[in-house]
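Inside the fold
One letter stands for each residue in the lines below.
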Amino acid sequence: MKGILLGAAVGYVLGARAGRQRYDQIVRAYRSLADHPAVQGAAGIVRAKVGEKTGFARRQPTNSNGHRRDPVIPRA
């Protein structure tokens, strides 16, 4: 859904040549909508349902012993 809204906003800005001020206004409106807790909650529910139905649910990576991998990446 975010991609559709972002694409519409970018298309509008490029098509109408509205300028930087209108672009900033659209970006602020998009971010406030995308960051709203109700939208985040609905997106999480949809993501979980789609993951259940398709088998692409997000899983924590584990080692062969069943423990989660260490999230810290060692420096070279």
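Here the residue numbers are simple positions, counted from 1 along each chain's written sequence. Only residues with pLDDT of at least 70 get local features here, since the model is predicted, and only at 80 or more are side-chain atom pairs given and counted; chain-wide, interface and lining totals rely on the full set of residues. Only hydrogens and water are removed before side-chain values are computed, so all heavy atoms of the structure are retained for them.

1. Here's the deal with the overall build of the chain
Numbering goes from the N terminus for both helices and strands, where a helix is a DSSP run of H or I of at least four residues and a strand is a run of E of at least two. Secondary structure summary: the chain contains three helices and zero strands in total. Here the term buried applies to any residue with accessible area under 20% of the maximum for its type, exposed to any over 50%, and partly exposed to those in between, with areas from a 1.4 Å probe on protein chains only. Counting only residues that meet the buried cut, the chain has 8% of its 76 residues in that class. Only the protein chains shown count as covering a residue, and every accessible area follows the Shrake-Rupley method with a 1.4 Å probe. Working note: accessible area of the chain is about 7000 Å², and carbon and sulfur atoms make up 58% of it.

2. Concerning helix α3 (residues 37-54)
Helix length check: α3 (18 residues) gives 25 Å between terminal C-alpha atoms against 26 Å at 1.5 Å per residue, within 8%. At the exit of α3 stands Gly55, carrying a positive phi of roughly 85°. Take the residue count of a helix, subtract one, and multiply by 1.5 Å to get its expected span.

3. Comments concerning helix α2 (residues 20-34)
Counted at 1.5 Å a residue, the expected span for α2 with its 15 residues is 21 Å, and the 21 Å between its end C-alpha atoms agrees. Of all the residues in α2, the buried ones are Ile26, Val27 and Ala34. Down the axis of α2, the smallest arc covering the buried residues is 100°, so these residues share one side. Looking at α2, the residues exposed on the side facing more than 90 degrees away from the buried face are Gln21 and Arg28. For this quantity, the arc is that covered by the directions from the helix axis to the C-beta atoms.

4. With respect to the environment of Val27
Take Val27: it is sitting in helix α2. On a C-alpha basis, the gap between Val27 and Leu6 in space is 8.6 Å, while along the polypeptide they are 21 residues apart.

5. A look at a nonpolar patch on the surface
Each patch is built from salt-bridge-free residues with over 30% relative accessible area, joining like charges within 9 Å and nonpolar side chains (Val, Leu, Ile, Met, Phe, Trp, Tyr) within 5 Å. Each salt bridge in this description consists of a side-chain nitrogen of Lys or Arg and a carboxyl oxygen of Asp or Glu lying within 4 Å of one another. Together, Met1, Leu5, Leu33 and Val39 give the surface a local cluster of nonpolar side chains, amounting to about 380 Å² of exposed area. With respect to the secondary-structure elements, Met1 resides in the segment before α1 (2-16).

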